[in-house]
Protein chains: 2
Amino acid sequence: MEKIRNEMAGEITLSATPGSTMKKWREIFAITQVELADLLKISPSTISDYEGNRRKSPGSGVIKRFVGAILEIDTQRGSPILSKFQQGEGKSEQYFELHEFATSISAIDFQKMLNASVVANEELMKSKKLYGYTLMESLKIILEMPYSQFPKLYGTMSERAFIFTQVSTGRSPMVVIRVTPMKPSLVVLHGLKEVDPLAIKIAEREKIPVISTNMDLAKIKEVLNKI
Amino acid sequence: MEKIRNEMAGEITLSATPGSTMKKWREIFAITQVELADLLKISPSTISDYEGNRRKSPGSGVIKRFVGAILEIDTQRGSPILSKFQQGEGKSEQYFELHEFATSISAIDFQKMLNASVVANEELMKSKKLYGYTLMESLKIILEMPYSQFPKLYGTMSERAFIFTQVSTGRSPMVVIRVTPMKPSLVVLHGLKEVDPLAIKIAEREKIPVISTNMDLAKIKEVLNKI
DNA sequence: AAGCGACTTCGCCAAAAGACGTACACAACT
DNA sequence: AGTTGTGTACGTCTTTTGGCGAAGTCGCTT
């Protein structure tokens, strides 16, 4: 859902005629101007003005509300169109969750938000900036995920935090990082009991700071989704 | 390149604080406000005003120019950051080209633009609308492309044209469509010599109109990229 | 402490955006 | 021929955007 939302918004924004592109999407979702206007609490003629490219550069707010309304209407209808778009998406999502932040955040602030303690490479913390995170169950990633999915762990940016859940010693997660071509900026271990010395060795060699938290998983997601 | 452009624009547009997200991207590309302002021929303070969220809903034009300038600067520098984003992208692109139109286009208009003749299901032409196309070499797709790539042929929308190049009888392309779960709205055969009867049979069963053109490939791309 | 580069804050102004309502075009259908 | 649903065109209004420049902050380097 968030993927198609972003794609719609991006395409409208980049179009030479944003209004025509808005129209295109409304038609794809088979929604009338009246329906859309009702939900947005504006008049249908306003919609038509946009679609006729009377406003050459509609504001991000308008585009955001427009895209949101289209997706909401489709959802209310039982997602007849949305379901078409989400066919190929399920595969990667069963292994991990990707999230990009709207603004950058420093590793230090990130650590504070998660109420985490530093396990390795504390001196590297202050120079790191984060632009998103990837949350995954360490065992599932190692045992079940096909190799072809690995590059997807990085989303758009490698300047991100890898959050591993259900960790016992932290060894396996660090090995995963060791054998992957790209490297995250920060590693978060969740549920850690005892730190494996090899995990720290790897962290030092790869120059990646590692922090540990035991905050409730739902709480973690809630906090991070605000960024 | 177009993918990351769209992603940036979409993210900025959807953000609750578009300015902060603009800032995030400028920082990711390690560009100063002054550089950006120079290229955009506006004053640096204007950039700062945006980034400080003084404009709550920047217009699509601003966002488009902003994203464009960032990508241009990075390109001029030899794409130090862009190259990071384009790592995993090459795989699918060697098999086919995807393109989404900014506005919808009718199958009839599409046919005229390509100077094409109808091979099958002429009566279905008038009801079809297209939102993009996928261009591929028929032999390469059949012989070399891994199965996992097939869903990607449809881009965001299945309401699109499949353009097969280097076609002799049109049989194999139609077989590909027969065995794929999703179906395109229109098939274009390029370089067709003699139509295989089975190809037409498949088209009729799948209710997909088929047209044929011999227009120069470069010309085709040029024409379609204007939509 | 002086200077420099990068960035922020703010008052101000012209030009658009954002919205409305009315009028109008054009297919369906009764 | 009349009505109903969908979409366009446009005059008009207020609020924002989009832009500038001057003044100021905040680290660095020298």
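Bear in mind that the values here come from a model prediction, so they are computed numbers and not experimental data.

> Help me out: how do you make sense of unusual backbone geometry in this one?
Peptide bonds are, in most cases, trans, and in most cases residues other than glycine have a negative phi. One non-glycine residue, A:Ala30, lies in the positive phi region at around 50 degrees. Relative to the assigned elements, A:Ala30 resides in the loop between helix 2 (18–28) and helix 3 (33–40).

> Explain the packing of aromatic side chains to me, please; I cannot follow it from the model alone.
For any pair of aromatic rings, the description consists of the separation of the ring centres together with the inter-plane angle of the planes. With the rule as written, the count across this model stands at seven aromatic pairs over all chains. Taking 5.9 Å as the distance between ring centres and 45 degrees as the angle between the ring planes, the aromatic pair formed by A:Phe101 and A:Tyr133 counts as tilted. Residue A:Phe101 is found in strand 1 (residues 96–106), and its partner A:Tyr133 is found in strand 3 (residues 129–137); the two are separated by 32 residues along the sequence. As far as burial versus exposure is concerned, A:Phe101 and A:Tyr133 are alike and both buried. Seen from their ring centres, B:Trp25 and B:Phe29 are 6.5 Å apart, and the 40 degrees between their planes marks the pair as tilted.

> Any chance you could explain the interface of chain B and chain A here in plain terms?
Size of an interface: often given as the accessible area lost when the parts come together. Opposite the 42 residues of chain B that make contact, chain A presents 41 residues. Of the roughly 3,400 Å² buried between chain B and chain A, counting both surfaces, carbon and sulfur atoms make up 57%. Here B:Lys129 makes a salt bridge to A:Glu27, at a shortest N to O gap of 3.5 Å. Between the two partners, chain B and chain A, sit 20 residue pairs in polar contact (both at pLDDT 80 or more). Of all elements in the fold, only helix 1 (2–14), helix 2 (18–28), helix 5 (60–76), helix 6 (82–85), strand 1 (96–106) and strand 3 (129–137) of chain B reach the threshold of two or more residues within the side of chain B that touches chain A. When residues in the side of chain B that touches chain A are grouped by element, the largest group, eight residues, is from helix 1 of chain B.

> Please explain the protein's contact with DNA strand C as it appears in this structure.
If you check the shell around DNA strand C, you find 24 residues, and the closest are A:Ser43, A:Ser45, A:Arg55, B:Lys23 and B:Gln33. At the protein interface, 47% of the atoms of DNA strand C within 4 Å belong to sugar or phosphate. B:Gln33 places a polar side-chain atom, nitrogen or oxygen, 2.5 Å from a phosphate oxygen of DNA strand C. Contacts to DNA strand C include B:Asp49, whose side-chain N or O atom sits 3.2 Å from a base nitrogen. Counting residues per element, the ones that place at least two in the surface near DNA strand C are helix 4 (44–51) and helix 5 (60–76) of chain A together with helix 2 and helix 4 (44–51) of chain B. Top element by residues in the surface near DNA strand C is helix 4 of chain A. It accounts for four residues. A per-class count over the surface near DNA strand C returns four nonpolar, ten polar and ten charged.

> Honestly, the protein's contact with DNA strand D in this entry has me stumped. Any pointers?
The immediate surroundings of DNA strand D are formed by 23 residues, with A:Lys23, A:Gln33, B:Ser43, B:Arg55 and B:Gly59 found nearest. Among atoms of DNA strand D positioned within 4 Å of the protein, sugar and phosphate together represent 47%. Here a base nitrogen of DNA strand D sits 3.1 Å away from a polar atom, N or O, in the side chain of A:Asp49. Here a phosphate oxygen of DNA strand D and a side-chain polar atom of B:Thr46 are 3.0 Å apart. Counting residues per element, the surface near DNA strand D draws most heavily on helix 4 of chain B, at four residues. A breakdown of the residues in the surface near DNA strand D according to their chemical character gives four nonpolar, nine polar and ten charged.

> Teacher, can you tell me more about the relation of the copies chain B and chain A here?
In this arrangement, two copies of a chain are superimposed by a rotation about an axis accompanied by a shift along the axis. Overlaying chain B on chain A yields an RMSD of 0.2 Å, the required transformation being a rotation through 180 degrees with an accompanying axial translation of 0.0 Å. Such values leave the two copies arranged in the relation of a two-fold axis. Residue by residue, 98% of the interface of chain B is reproduced at the interface of chain A, so both copies engage with the same surface.

> I'm lost on the sheet that holds strand 2 (residues 117–120) of chain B in this one. Help?
As a general point, the strands of a sheet are linked pairwise by backbone hydrogen bonds and lie either parallel or antiparallel. The six strands lie next to each other as 1-3-4-5-6-2 (chain B), forming an open sheet whose pairing is mixed. Looking at the sheet topology across the chains shown, the edges are occupied by strand 1 and strand 2 of chain B. Across the sheet, the axes of successive neighbouring strands diverge by a mean angle of 25 degrees, strand direction being ignored. Note that strand 3 of chain B and strand 4 (residues 161–165) of chain B share five bridges and pair parallel. Considered in strand 4 of chain B, the bridge of B:Tyr133 is made with B:Ala161. Across the sheet, helix 2 of chain A touches strand 1 and strand 3 of chain B, and the angle it forms with strand 1 of chain B is around 95 degrees.

Procedures and definitions
- Residues numbered from 1 in each chain as written.
- Chains lettered and ligands numbered in written order.
- Predicted model: local features only at pLDDT ≥ 70, side-chain atom pairs only at ≥ 80, totals over all residues.
- Heavy atoms only, no water.
- Helix = DSSP H or I, 4+ residues; strand = E, 2+ residues; numbered from the N terminus.
- Phe/Tyr/Trp six-rings, centres within 6.5 Å; stacked < 30°, edge-to-face > 60°.
- Buried < 20%, exposed > 50% of the residue type's maximum accessible area, 1.4 Å probe, protein only.
- Contact = heavy atoms within 4.5 Å.
- Buried area = accessible area lost by both parts, 1.4 Å probe.
- Salt bridge = Lys/Arg side-chain N within 4 Å of Asp/Glu carboxyl O.
- Polar contact = N/O pair within 3.5 Å; in protein donor to acceptor, adjacent residues only side chain to side chain.
- Near = heavy atom within 4 Å.
- Nonpolar A, V, L, I, M, F, W, Y, C, P; charged D, E, K, R; others polar.
- Least-squares fit on C-alpha atoms with pLDDT ≥ 70 in both.
- Pairing = 2+ DSSP bridges.
- Axes fitted to C-alpha atoms, helices over the stretch in contact; angles between N-to-C directions.

What is shown is where atoms sit, not what they do.
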